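Residue-level structural notes
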Amino acid sequence: MISSSAASRVTAAQVACLAFARHQLRITEDEAADYLAAALVARGHSTDHRLAAVAANSPAH
């Protein structure tokens, strides 16, 4: 059982990490970079990261 004070400190990223590990989900490096960029932006950090799906479909590739 988790105390209410500990539960209030659990982040969405920690829950996602646990879900991926628990169900043995695998993601690519590009998907991992997208998750990281989203987490950074959500915390107010700027990033020049382009989503992997967008970058892979751009004419430059």
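No experiment lies behind these values; they were computed from the predicted model shown.

1. Points about the overall build of the protein chain
Secondary structure assignment for the protein chain yields 4 helices and 0 strands. Across the 61 residues that make up the protein chain, the buried fraction comes to 8%. Summing over all exposed atoms, the protein chain offers an accessible surface of approximately 5400 Å²; the carbon and sulfur share of this is 60%.

2. Brief notes about the layout of surface pockets
In this structure, the largest pocket encloses a volume near 210 Å³. Lining the largest pocket are Ala12, Ala13, Ala16, Cys17, Phe20, Ile27, Tyr35, Leu36, Ala39 and Arg43. Only α2 (12–22) and α3 (29–42) provide two or more residues apiece to the lining of the largest pocket.

3. Concerning the packing of aromatic side chains
Following the criterion strictly, the structure yields 1 aromatic pair and no others. Centroid distance Phe20 to Tyr35: 5.6 Å. Interplanar angle 80°. Geometry classified as edge-to-face. Of this pair, Phe20 sits in helix α2 while Tyr35 sits in helix α3, and the two are 15 residues apart along the sequence.

4. Quick look at unusual backbone geometry
With the exception of glycine, most residues fall at negative phi, and the peptide bonds are largely trans. Positive phi values are uncommon outside glycine, yet Gln24 reaches one of about 50°. Examined against the element boundaries, Gln24 turns out to sit in the loop between α2 and α3. On the basis of relative accessible area, Gln24 is assigned to the exposed category, the value being 60%.

5. A closer look at the confidence of the model for the protein chain
Looking at the protein chain, pLDDT values average 74 and 64% of them are 70 or higher. No element of the protein chain has a lower mean pLDDT than helix α4 (residues 52–56), at 59, and none a higher one than α2, at 83.

6. Let's talk about α3
With 14 residues, α3 should cover 20 Å at 1.5 Å per step; its first-to-last C-alpha distance of 20 Å lies within 8% of that length. Remark: Gly44 follows α3 within two positions and exhibits a positive phi of approximately 90°.

Basis of the calculations
- Residues numbered from 1 in each chain as written.
- Predicted model: local features only at pLDDT ≥ 70, side-chain atom pairs only at ≥ 80, totals over all residues.
- Heavy atoms only, no water.
- Helix = DSSP H or I, 4+ residues; strand = E, 2+ residues; numbered from the N terminus.
- Buried < 20%, exposed > 50% of the residue type's maximum accessible area, 1.4 Å probe, protein only.
- Areas by Shrake-Rupley, 256 points an atom, 1.4 Å probe, with all protein chains shown as cover.
- 1 Å grid on protein atoms, 1.4 Å probe; cavity = no way out; pocket = protein on both sides within 12 Å on 5 of 7 lines; lining within 4 Å.
- Points joined across faces, edges and corners; volume = space filled by probe spheres on them.
- Phe/Tyr/Trp six-rings, centres within 6.5 Å; stacked < 30°, edge-to-face > 60°.
- pLDDT = per-residue confidence, 0-100.
- Expected span 1.5 Å × (residues − 1).

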